[in-house]
Amino acid sequence: SPGRAGDLEVTADRILLTGWLAGIHATGNDGGAGNIQIRAGRLEVTDGASILSTTGGSGTAGNIEVTANSILLSGSYANLFYSAISSEALFGDSTGAAGDIRINAQSLEVRDRAQIRAGTQGAGNGGNIEVKAESVLIKDGGGIDAYSSGSGSSGSIDVTAGNVVISGVKDIFAANISADVGESGSGKGGAIRIATNNLEVKDGANISETSYGQGDA
């Protein structure tokens, strides 16, 4: 039987990933992708760089866990490749599930169309996203997204933070926290839970649970 890919662990005071070729990637198909664990003082993922674990077959995508004092996800490469932390089951004929994403930080900033994303395009379920931070800023089209565009269900999003600000639109894309079922999806949407002392959603930003397909939001 196909073997599972190995896990990746990275520890550093500062990690800078910049440009669309830069990244920390674990990929798999029928054997499954590896888990990714990152510990850093500061993590910056910019200009289309990515941290991702994906599957395109029957194996599962790996879990991603990031622990840092500060995390910045920002920008894109040529408006084509957006900076991201993602665990996804790709392709409509895949049956493996996406992994979960866990973020632990003092401050988390996701801006300029960057994404934290867990989802499925196939029959496997999407992953859950859990964020624990003192401060969360999602700005100018940045987002946290759990999605399904297949028959699998999307995961849930849990955010626990002292302060959460979701603000602004970039290139018609609103800053958001969303759990969605796409037009081609028949799976169920996930829940969004936010526990915070202060929540601000402004300047066109939104929090949404939406089904565009046959599944329930």
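For the structure, check the block above.
Residues numbered from 1 in each chain as written. Predicted model: local features only at pLDDT ≥ 70, side-chain atom pairs only at ≥ 80, totals over all residues. Heavy atoms only, no water.

The next point concerns a nonpolar patch on the surface. A cluster of nonpolar side chains, contributed by Trp-20, Leu-21, Tyr-77, Leu-80 and Phe-81, occupies part of the molecular surface with about 560 Å² of accessible area. Tracing the chain through its elements places Leu-80 in the loop between β6 (76-77) and β7 (81-82). (Patch = residues over 30% accessible without salt bridge, like charges linked within 9 Å, V, L, I, M, F, W, Y side chains within 5 Å. Areas by Shrake-Rupley, 256 points an atom, 1.4 Å probe, with all protein chains shown as cover. Salt bridge = Lys/Arg side-chain N within 4 Å of Asp/Glu carboxyl O. Helix = DSSP H or I, 4+ residues; strand = E, 2+ residues; numbered from the N terminus.)

A word on the packing of aromatic side chains. The tally for this structure, following the rule as stated, stands at 3 aromatic pairs. Consider the rings of Trp-20 and Tyr-77, whose centres lie 5.7 Å apart with planes at 35°: the pair is tilted. Of this pair, Trp-20 sits in the loop between β1 (8-18) and β2 (23-28) while Tyr-77 sits in strand β6; the two residues are 57 residues apart in sequence, bridging distant segments of the chain. Measuring from ring centre to ring centre gives 4.7 Å for Trp-20 and Phe-81, while their planes differ by 15°; the resulting arrangement is stacked. Taken together, the positions of Trp-20 in the loop between β1 and β2 and Phe-81 in strand β7 put the pair 61 residues apart, joining distant regions of the chain. An aromatic cluster is present here, built from Trp-20, Tyr-77 and Phe-81 joined pairwise through their rings. Over the face of the ring belonging to Phe-173 we find Arg-113, whose NZ or CZ atom lies 3.6 Å from the ring centre. (Phe/Tyr/Trp six-rings, centres within 6.5 Å; stacked < 30°, edge-to-face > 60°. Lys NZ or Arg CZ within 6 Å of the ring centre and 35° of its normal.)

A word on the side chain of Gln-115. Structurally, Gln-115 is set in strand β10 (residues 115-120). The buried category is assigned to Gln-115, whose relative accessible area is 14%. (Buried < 20%, exposed > 50% of the residue type's maximum accessible area, 1.4 Å probe, protein only.)

Next up on the list: the pattern of salt bridges. A full pass over the atoms with the stated rule returns 9 salt bridges. With its nearest N and O atoms 2.4 Å apart, the salt bridge here joins Glu-109 to Arg-111. A residue is classified by how much of its surface remains accessible, and Glu-109, at 23% relative accessible area, is partly exposed. For Arg-111, a relative accessible area of 22% translates into the label partly exposed. In this structure, the salt-bridge partner of Glu-200 is Lys-202, at a minimum N-O distance of 3.2 Å.

Another point: the sheet that holds strand β5 (residues 64-74). On the basis of which strands lie adjacent, the open sheet formed by 7 strands has the order β1-β3-β5-β9-β11-β13-β17 and parallel pairing. The strands lining the two open edges of the sheet, one partner per strand, are β1 and β17 (192-202). Neighbour-to-neighbour, the strand axes of this sheet turn through a mean angle of 0°, independent of strand direction. In terms of strand pairing, β5 meets strand β9 (residues 101-111) through 10 bridges, oriented parallel. Pairing of Ser-70 across the sheet is with Ser-107, part of β9. (Pairing = 2+ DSSP bridges. Axes fitted to C-alpha atoms, helices over the stretch in contact; angles between N-to-C directions.)

Attention shifts here to unusual backbone geometry. The backbone of Asp-112 shows a phi angle near 55°, a positive value even though the residue is not glycine. Its place among the elements puts Asp-112 in the loop between β9 and β10. Judged by relative accessible area, which is 18%, Asp-112 ranks as buried.

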